[in-house]
Amino acid sequence: MIELHLPQDVVIGGGASDALADHVTRLGVERPLVVTDEFLLEQGPAGPLVERLHSPAVFCDVQPDPTVANVDGALAAIREHGADGVVAIGGGSPMDTAKVAAVLAANDGCEMRDFAGYHQVPGPGLPVIAVPTTAGTGSEVTRVAVITDTERDVKMMMLDGHLMARVAISDYKLTLSTPAALSANVGVDSLTHAIESYVSSKATVVTEMLSLEAARLIGRNIRRAVRHGDDEEAREAMMLGATLAGAAFSNASVALVHGMSRPIGAHFHLPHGLSNALLLPAVTRFSVSGAPDRYARIAREMGLASEADSDERACDALVEELDALNRDLEIPTLSGAGAEREHFERVVEEMAQAALDSGSPDFNPRQASREEIVALYHDAF
């Protein structure tokens, strides 16, 4: 049996966000709360979009890798405004914050920690309209939210159908002002989604199609989009690829990269996209022997190998490309991103166990022991 979970409406294309107010009205939302961040509101595309809405309030106290405090703030803003719907504008952080706050607002008596894990949200939330401004997380089309509990240094992963936005608006024009470094981090993050969802043991014929097209679009356009931010053709390909990859992994799951990434974010407070990106080459090198035909197919879709090439050669080309991509896009190692060796050595065993406990590594084509995960963390350091 194949199931595919997506928002009620997914609107894709340049200028699609022009109709944001119409979608809000169509859902019957009369008092929307906009969740975004201060930069996007004051200098980015969020400000003009907010101006088009009727009776909005705005919550912009959201940081990269959102925390329990961010969600609590958004929930307080929902209640203060009497909001009957939420509009999320931004990257994964505003979207995840909005999705969790929306279900908390409609499920009295629940605590955020109650939602951690799989299918723990008891009922639907306020309707959410998600408008991404980066080509990265795919949160606009996923049932997933990740919130950091800073008291426990834990990233709470939540997967539930009630976390799905009602409307996703994927407009590449909103990404044209995204800085190069952020474009690089979230771009490799979306490539990670495409690769992991394709090699996941939970992949289906439907998610495979989404994953492969996402890998093709992202792999062939990411350098152009990062180096030439005004290249609309490349930006459009990246935005579509990110949305397709989000839909793929939300339905097929992610794997070892994501399992290892969350503890990095919790302990070293690196953005999610960056922690995925710096792990991707090492984890792929480890994993290819578990599904060489699948990794080879990814390589061919990305234009790294031909049908005439052996799977072994295609897999080698993929691993080499992921190393080269991180170098070309100036994605640092973990130490290059500011992690201190002493801190790393103190928590690496704990991170490896947390990665295993997350469940995501179970879907990896090659299973990793705790010791192997520790070694992979050292490779990425």
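Each value, and the rule that gives it
Residues numbered from 1 in each chain as written. Predicted model: local features only at pLDDT ≥ 70, side-chain atom pairs only at ≥ 80, totals over all residues. Heavy atoms only, no water. Pairing = 2+ DSSP bridges. Helix = DSSP H or I, 4+ residues; strand = E, 2+ residues; numbered from the N terminus. Contact = heavy atoms within 4.5 Å. Axes fitted to C-alpha atoms, helices over the stretch in contact; angles between N-to-C directions. Core = buried A, V, L, I, M, F, W, Y, C linked by side-chain atoms within 4.5 Å. Buried < 20%, exposed > 50% of the residue type's maximum accessible area, 1.4 Å probe, protein only. Parallel < 35°, antiparallel > 145°, perpendicular 65-115°, else oblique. Left-handed = near helix turned anticlockwise from the far one by under 90°. Phe/Tyr/Trp six-rings, centres within 6.5 Å; stacked < 30°, edge-to-face > 60°. Lys NZ or Arg CZ within 6 Å of the ring centre and 35° of its normal. Expected span 1.5 Å × (residues − 1). Arc of directions from axis to C-beta. Polar contact = N/O pair within 3.5 Å; in protein donor to acceptor, adjacent residues only side chain to side chain.

1. A few points about the sheet that holds strand E8 (residues 154–159)
The strands making up a sheet associate through hydrogen bonds between their backbones, and the pairing can be parallel or antiparallel.
Part 1 of the reasoning: Ordered in space as E5-E8-E7, the 3 strands form an open sheet in which the pairing is mixed. Of all strands in the sheet, those bounded by a partner on one side alone are strand E5 (117–118) and strand E7 (144–149).
Part 2 of the reasoning: Sheet topology places E5 next to E8; 2 bridges connect them, and they run parallel. Its bridge partner lying in E8, Tyr118 is registered against Leu159.
Part 3 of the reasoning: Where helix H5 (residues 92–106) meets the sheet, its contacts fall on E7 and E8, and the angle it forms with E7 comes to roughly 95°.

2. Some thoughts on the nonpolar core
Part 1 of the reasoning: Within the largest apolar cluster, 74 residues are counted, with the highest numbers of intra-cluster contacts made by Met260, Ile264, Leu279 and Tyr377.
Part 2 of the reasoning: In this structure, Val62, Ala98, Met112 and Val121 belong to the second largest nonpolar core, which totals 32 residues.

3. Comments concerning the side chain of Ser250
Part 1 of the reasoning: Along the chain, Ser250 turns up in helix H8 (residues 232–252).
Part 2 of the reasoning: By relative accessible area, Ser250 is classed as buried at 2%.

4. What about the packing of helix H9 (residues 256–268) against helix H13 (residues 341–357)?
Part 1 of the reasoning: Closest axis-to-axis distance for the H9/H13 pair is 9 Å, and the angle between their directions is 140°. With respect to H13, the element H9 is oriented oblique. Where H9 crosses over H13, the two elements pack in a sense that is right-handed. Contacts from Gly259, Met260, Pro263, Ile264, His267 and Phe268 of H9 reach H13 at His343, Phe344, Val347, Glu350, Met351, Ala354 and Ala355.

5. As for the packing of aromatic side chains
Part 1 of the reasoning: Counting across every chain of the model gives 1 aromatic pair.
Part 2 of the reasoning: Here the guanidinium or amino end of Arg366 rests over the ring plane of Phe286, the centre of that ring lying 3.8 Å away.

6. Remarks on the environment of Ala194
Part 1 of the reasoning: Here Ala194 lies in helix H6 (residues 180–199).
Part 2 of the reasoning: In this structure the C-alpha to C-alpha distance between Ala194 and Leu329, which are 135 residues apart in sequence, comes to 18 Å.

7. Focus on the packing of H6 against helix H11 (residues 292–301)
Part 1 of the reasoning: One can describe the packing of H6 onto H11 by two numbers: an axis separation of 9 Å at closest approach and a directional angle of 145°. Between H6 and H11 the crossing geometry is right-handed. Between H6 and H11, the residues in contact are Ala194, Ile195, Tyr198 and Val199 and Arg294, Tyr295, Arg297 and Ile298, respectively.

8. Observations concerning helix H4 (residues 68–81)
Part 1 of the reasoning: Its 14 residues give H4 an end-to-end C-alpha distance of 20 Å, which sits within 8% of 20 Å, the value for a rise of 1.5 Å per residue.
Part 2 of the reasoning: All buried positions along H4 are accounted for by Asn70, Val71, Ala74, Leu75, Ala77, Ile78 and His81. The buried side chains of H4 occupy one side of the element, clustering within an arc of 160° when seen end-on. Counted as exposed and oriented over 90 degrees from the buried face of H4: Ala69, Arg79 and Glu80.
Part 3 of the reasoning: Summarising the contacts, the buried residues of H4 are in contact with strand E2 (32–35), strand E3 (57–59), strand E4 (85–90), H5 and E7.
Part 4 of the reasoning: Where H4 ends, the next residue or the one after it, Gly82, has phi of about 65°, a positive value.

9. Comments concerning the side chain of Ser183
Part 1 of the reasoning: Within the secondary structure, Ser183 sits in helix H6.
Part 2 of the reasoning: Taking relative accessible area as the criterion, Ser183 reaches 6% and is therefore assigned buried.
Part 3 of the reasoning: Within polar-contact distance, the side chain of Ser183 engages the side chain of Arg235 at 2.9 Å.
Part 4 of the reasoning: Setting aside chain neighbours within four positions, we find Ser183 in contact with Thr178, Val226 and Arg235.

10. Here's the deal with H13
An α-helical turn contains 3.6 residues, so any two residues separated by three or four positions project in the same direction.
Part 1 of the reasoning: In a regular helix each residue adds 1.5 Å, so 17 residues correspond to 24 Å; H13 covers 24 Å between its end C-alpha atoms and thus fits that length.
Part 2 of the reasoning: Phe344, Val347, Val348, Met351, Ala352 and Ala355 are the residues of H13 that are buried.
Part 3 of the reasoning: One or two positions beyond H13, positive phi appears at Gly359, with a value near 90°.

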